[in-house]
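# Observations on the three-dimensional arrangement
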Amino acid sequence: MRVILIGPQGAGKGTQAKRISEKTGARVISTGDMVRAEIKAGTELGRKVKEYNDRGELVPDEIIVEMAKPHLGAPEGWVLDGFPRTEAQARALEEVLAELGIGIDRVIALEAPDEVLVERLSGRRQSQATGRIYHVRYDPPPQDSEEDPGPFVQRDDDTEEAIRRRLELYHEQTEPLKRYYARQGLLAEVDATRSIPEVTEQVMKAIRENG
Ligand code: AMP
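One structure accompanies this document, and this report is about it.

Quick notes on the rules
Residues numbered from 1 in each chain as written. Predicted model: local features only at pLDDT ≥ 70, side-chain atom pairs only at ≥ 80, totals over all residues. Heavy atoms only, no water. Phe/Tyr/Trp six-rings, centres within 6.5 Å; stacked < 30°, edge-to-face > 60°. Helix = DSSP H or I, 4+ residues; strand = E, 2+ residues; numbered from the N terminus. Buried < 20%, exposed > 50% of the residue type's maximum accessible area, 1.4 Å probe, protein only. Near = heavy atom within 4 Å. Polar contact = N/O pair within 3.5 Å; in protein donor to acceptor, adjacent residues only side chain to side chain. Nonpolar A, V, L, I, M, F, W, Y, C, P; charged D, E, K, R; others polar. Pairing = 2+ DSSP bridges. Axes fitted to C-alpha atoms, helices over the stretch in contact; angles between N-to-C directions. Salt bridge = Lys/Arg side-chain N within 4 Å of Asp/Glu carboxyl O.

Moving on, we come to the packing of aromatic side chains. Scanning all chains against the criterion turns up two aromatic pairs. The interplanar angle of 85 degrees and the centroid separation of 5.4 Å between the aromatic rings of Tyr 134 and Phe 152 together place this pair among those described as edge-to-face. Taken together, the residues Tyr 134 in strand S6 (residues 133–135) and Phe 152 in strand S7 (residues 152–153) connect sequence positions 18 residues apart. The exposure class of Phe 152 is partly exposed, given its relative accessible area of 23%.

Have a look at this one:
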């Protein structure tokens, strides 16, 4: 199964990608995670992409395509989280898939209004111990917990300025992909303001209906 998740930051792409992967065995391919891993490892590429990441700007298409490419032939299939994000990336993906002789089964757009997203992102905290994501109001990090001692930190690009920039770029560059994939009969839209399990259910339903 090969599925693309499109959606603004904070819509829950990462959360849903993980849940779909658990249900179907498909591998999660997250270009954002790859970008953060390069930054953390302090590689030359990491230094290059950090500037874009921290400002909420998009990393140049060629770099992202090269990062994603080696994973796209995975025999267990995939859920793409955060890629493609521009029409140029969508076209590059199409070329790679044609070479591999495989196709996309479904594209899911997770929908939520900007106010909800800003609220979700600005309260988001990640445990450096376990990687788990919390929200200061809706799912607060535990205090004095042995299971997850933290510390609980904010992502470098979850500042208000970077959040606004990422949403602006989403509407400008990524949202047009909905039309691109709708024309191919692949798009399904899901309301991402619902609870996590409800969203998963709608996503799985859209995958099963498969165009
Ligand atoms: P994410 O975790 O998906 O929000 O990605 C974090 C950051 O990584 C983005 O703000 C971009 O700087 C970069 N990035 C991740 N995926 C892409 C992509 N497909 N195209 C361009 N930049 C990306």
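Following the structure, the description resumes.
Turning next to the site of the ligand. Near the ligand, the surroundings consist of 15 residues, among which Thr 31, Arg 36, Glu 57, Gly 82 and Gln 89 are the closest. A distance of 2.6 Å separates an oxygen atom of the ligand from a polar atom in the backbone of Glu 57. Between the ligand and the protein, one listed contact pairs a nitrogen atom with a backbone N or O atom of Val 59 at 3.0 Å. At four residues, the largest contribution of residues to the shell around the ligand is made by helix H2 (residues 31–41). In terms of residue class, the shell around the ligand is made up of five nonpolar, five polar and five charged.

Bringing the sheet that holds strand S3 (residues 78–81) into the picture now. Hydrogen bonding along the main chain pairs the strands of a sheet, whether they run parallel or antiparallel. The five strands lie next to each other as S2-S3-S1-S4-S8, forming an open sheet whose pairing is parallel. The open sheet has two edge strands with one neighbour each: strand S2 (27–30) and strand S8 (187–191). Along the sheet, successive strands turn relative to each other by an average axial angle of 25 degrees, direction set aside. Relative to S8, strand S4 (residues 106–111) runs parallel, the two being bridged by five bridges. Within S8, the position partnered with Glu 111 by the bridge is Asp 191.

As a further point, take the pattern of salt bridges. If you walk through the whole model with that rule in mind, you get 20 salt bridges. For Arg 166, the salt bridge goes to Asp 157, with nearest N and O atoms at 3.6 Å. This pair shows no difference in class: Arg 166 is buried, exactly as Asp 157 is. Salt bridges sharing common partners tie together Arg 124, Arg 155, Asp 157, Asp 158 and Arg 166.

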